[in-house]
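Spelled out, the chains give:
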Amino acid sequence: MNTTYSQFIDGASTSNANSETWINYNPANNKPLGEVSQASDEDIEAAVRSSERAFHIWKNKTGAERGRVLIKAAQILRSRLEEIALIETNDVGKPIFESLAVDVSSAADALEYFGGMAATIHGEFVDLKNAFGYTRPEPLGVCAGIGAWNYPIQIAAWKAAPALACGNAMIFKPSELTPATAIELAKAFMEAGAPPGLFNVLQGDGKVGARLVDHPGIAKISLTGSVSTGKKIFTSAASQLKRVTLELGGKSPLIVFEDADIHNAVSAAMLANFYTQGEVCSNGTRVFVQRKIFDSFLMQLKNRTEKIRIGDPTDPETQMGALISKVHMEKVNRFIESGKSSGATLLTGGVRPKKDFKGRDISSGNFVTPAIFTNCDDSMEICKEEIFGPVLSILSFESEEEVIDRANNTPYGLAAGVFTNDIKRGHRVIHQLQAGTCWINNFNITPIELPFGGYKQSGQGRENSLAAIQYYTQLKSVYVELGNVESPY
Ligand code: NDP
């Protein structure tokens, strides 16, 4: 254990000898990776002051100048792809093939997309009688980003890229469980020419997050996390009327109609439940399959799920890694027990494997084999609560009307998917589903060009795409008189 995860403030790693520390563990073997130090109140103050200084420099740059820095940072991430992907895999427990293909690339995509857009952010000209008006989208100031542990660098970049493109500075607090790659992003910004403090990183638990939310120097908060944390942040931000973007949890439906391509639908159901060990907010954990194809769908799903290669996340052939922590694994196991005791049938998986697909001992890691529950009922806990692990519940349905009602019967509304070869039905059903991010004939694809976010308790605001700009700017209207002031006095 030779790594120290410290604060990254004003362009450099800083350490405070008096700060509280804890050990960061590798989820695949529970061996220590390094020591993390909790940001102190002084660190928070230093970060806010440094970000304020950076903001005053950054907001006066042209969009093109800001964009160049973001695009350079993306190039730096891509040039360090393998190194950063390995850091992410060791920190999160996800397979290296995922970190290489998705996590770092998705972060770079966001920087390129918003870097390219930075020069195009502009207001409107309005012609008025003997006058004209124009609008200016202006930055908000210092924004706080608070991240979950499942996609650390992607979450940091999805927040930083639009924030910085719009002229803001950001202080980012990663999850206490995944302190590593936000620092790599901060270093990339520095190397790309960002002013010191433009992207500061504060390590710490929820207390550090809460202090940032309350800090008068923070103009806006963007959280990716659970519904319960979202409610706390929303409540506390309301007392100062701060803006918030909340990307929260879900219990999303994936609906497979009898005319669907079954092979593709099974592929999507597996992606929607087992990618990143099932630790994905938008997962389609309620898989509704129309009665006529239910048995054949289930047989294919079971066969293919049992072939998933679980094991050492650093092996390029591994398809499923380890859950983030022992505590989280125990929580997932409790849900599996709850499914069994409520009368659902555990068709496959849901156990802790001792050996991986190459016979290596993985008993010390947080591994759980991909689980499929059948004979489920909508009212069971496993069909209502977000599990955030590799647990799929399959439910049958008869009619379109019935499945729409059942799919919408949840306080969540993050995502939804429909599989059908009937183009009219695909759109008709999707239009009735109460979810912010939807797919027809695929699942969990999140291109940077499309808005991402939730309905109902799954969130507020949107990340990615042009839509993100309005959440990091405030609009100033300017009226310019060309005549005399008409005065009744
Ligand atoms: P948490 O809500 O526990 O934590 C999210 C972040 O908030 C962490 O950095 C955490 O700090 C911090 N935090 C906790 N309490 C507070 C507080 N009172 N004030 C400010 N910050 C606080 O979520 P998890 O990390 O467990 O992540 C899993 C959840 O995230 C799931 O519900 C998942 O669905 C959701 N998620 C949503 C996504 C989306 O885009 N919609 C994407 C990914 C995940 P710390 O952990 O260090 O204590």
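Predicted model, so just to flag it, every value in this text is computed and none were measured. (Residues numbered from 1 in each chain as written. Predicted model: local features only at pLDDT ≥ 70, side-chain atom pairs only at ≥ 80, totals over all residues. Heavy atoms only, no water.)

A. Spotlight on the packing of aromatic side chains. For the structure on display, the rule yields 10 aromatic pairs. Geometrically, the ring pair formed by F97 and Y275 is edge-to-face, given 6.3 Å between the ring centres and 90° between the ring planes. Taken as a pair, F97 in helix α4 (residues 96-117) and Y275 in the loop between α9 (262-274) and β14 (286-290) lie far apart in primary sequence, 178 residues in all. Residue F97 is classed as partly exposed on the basis of its relative accessible area of 34%. Pairing F257 with F397 gives two aromatic rings, centres 5.4 Å apart and planes at 85°, and the pair type is edge-to-face. Of the two residues, F257 is situated in the loop between β13 (253-256) and α9 and F397 in strand β17 (residues 391-397); the sequence distance between them amounts to 140 residues. Of the two residues, F257 and F397, both sit in the buried class. Aromatic rings pair up to connect F125, F132 and Y134 into one cluster. (Phe/Tyr/Trp six-rings, centres within 6.5 Å; stacked < 30°, edge-to-face > 60°. Helix = DSSP H or I, 4+ residues; strand = E, 2+ residues; numbered from the N terminus. Buried < 20%, exposed > 50% of the residue type's maximum accessible area, 1.4 Å probe, protein only.)

B. The arrangement of a nonpolar patch on the surface in detail. Side chains of V126, L128 and Y479 sit close together on the surface and give an oily, nonpolar patch of about 270 Å² of accessible area. Overall, Y479 belongs to the exposed group, its relative accessible area being 53%. (Patch = residues over 30% accessible without salt bridge, like charges linked within 9 Å, V, L, I, M, F, W, Y side chains within 5 Å. Areas by Shrake-Rupley, 256 points an atom, 1.4 Å probe, with all protein chains shown as cover. Salt bridge = Lys/Arg side-chain N within 4 Å of Asp/Glu carboxyl O.)

C. A look at the nonpolar core. If you look at the biggest cluster of nonpolar residues, it comprises 57 residues, and the most contacted ones within it are L77, L111, F114, F189 and F199. Where this core is concerned, the elements lending two or more residues are α1 (41-58), α2 (63-79), α3 (81-92), α4, α5 (152-165), β9 (169-173), α6 (181-191) and β10 (199-201). Per-element accounting of this core gives the leading share, 10 residues, to α5. Membership of the second largest hydrophobic core comes to 32 residues, among which are I293, F297, I308 and L392. (Core = buried A, V, L, I, M, F, W, Y, C linked by side-chain atoms within 4.5 Å.)

D. Examining the pattern of salt bridges more closely. Applying the stated criterion to the full structure yields 22 salt bridges. A salt bridge links D259 to R425; its shortest N-O distance comes to 3.5 Å. Remark: R425 occurs in helix α14 (residues 423-432) and D259 occurs in the loop between β13 and α9; sequence separation between them is 166 residues. Here D259 falls in the partly exposed class, since its relative accessible area comes to 27%. Take R425: its relative accessible area is 14%, and that puts it in the buried class. One salt-bridge network, in which partners are shared between bridges, spans D315, E317, D356, K358 and R360.

E. Main features of α9. Here α9 is 13 residues long and its end C-alpha atoms lie 18 Å apart, about the 18 Å a rise of 1.5 Å per residue gives. Looking at the packing, one finds that the buried side of α9 touches β13, β14, α10 (294-305), β16 (371-374), β17 and β18 (415-419). Once α9 ends, the next one or two residues include T276, with phi positive near 50°. (Expected span 1.5 Å × (residues − 1). Contact = heavy atoms within 4.5 Å.)

F. View of the sheet that holds strand β21 (residues 473-481). Taken in spatial order, the 3 strands of this open sheet run β6-β7-β21, and their pairing is antiparallel. For this open sheet the edge positions go to β6 (125-128) and β21, each flanked by a neighbour on one side alone. Pairwise comparison of adjacent strand axes, ignoring direction, gives a mean angle of 20° for this sheet. Of the pairings in the sheet, the one linking β6 to strand β7 (residues 131-139) comprises 4 bridges and is antiparallel in character. Across the sheet, residue L128 finds its bridge partner in β7, namely A131. (Pairing = 2+ DSSP bridges. Axes fitted to C-alpha atoms, helices over the stretch in contact; angles between N-to-C directions.)

G. Representation of the side chain of N26 in the model. Within the element layout of this structure, N26 appears in the loop between β4 (21-25) and β5 (32-37). Judged by relative accessible area, which is 9%, N26 ranks as buried. Other than its neighbours up to four places away in sequence, N26 contacts K31, L33 and N90.

H. Region of interest: the site of the ligand. Surveying the vicinity of the ligand reveals 29 residues, the closest of which are G147, E176, S226, T229 and E386. Between the ligand and S226 there is a distance of 2.6 Å, counted from an oxygen atom to a side-chain nitrogen or oxygen. L248 is positioned with one of its backbone polar atoms (N or O) 2.7 Å from a nitrogen atom of the ligand. When the ligand is considered free in solution it has 900 Å² of accessible area, and contact with the protein chains removes 86% of it. Residue assignment for the shell around the ligand shows that the elements contributing at least two residues are α7 (206-214), β11 (220-224) and α8 (227-238). Counted by class, the shell around the ligand contains 12 nonpolar, 11 polar and 6 charged residues. (Near = heavy atom within 4 Å. Polar contact = N/O pair within 3.5 Å; in protein donor to acceptor, adjacent residues only side chain to side chain. Nonpolar A, V, L, I, M, F, W, Y, C, P; charged D, E, K, R; others polar.)

I. The arrangement of empty space enclosed by the protein in detail. Tallying each qualifying case throughout the model produces 2 cavities of 30 Å³ or more. Estimates place the volume of the largest cavity at around 60 Å³. Residue lining of the largest cavity: 15 residues in total, with P253, Y412, G413, A415 and Q434 positioned closest to the centre. For the lining of the largest cavity, the secondary structure elements donating two or more residues are α13 (400-408) and β18. Grouping the amino acids of the lining of the largest cavity by side-chain chemistry returns 8 nonpolar, 5 polar and 2 charged. What the second largest cavity holds in volume is close to 50 Å³. Lining the second largest cavity are G250, K251, G278, V280, C281, N283, T285, E386, I387 and F388. (1 Å grid on protein atoms, 1.4 Å probe; cavity = no way out; pocket = protein on both sides within 12 Å on 5 of 7 lines; lining within 4 Å. Points joined across faces, edges and corners; volume = space filled by probe spheres on them.)

J. View of the sheet that holds strand β19 (residues 437-440). The strand order across the open sheet formed by 7 strands is β15-β16-β17-β14-β13-β18-β19, and the pairing between neighbours is mixed. Each having just a single partner strand, β15 (345-348) and β19 make up the two edges of the open sheet. On average, each strand axis in the sheet is tilted by 20° relative to the strand beside it, whichever way the strands run. The strands that α9 touches are β13, β14, β16, β17 and β18; relative to β17, the one it contacts most, it runs at about 140°. The strands touched by α14 within the sheet are β13, β18 and β19, with β19 carrying the most contacts at an inclination of about 165°.

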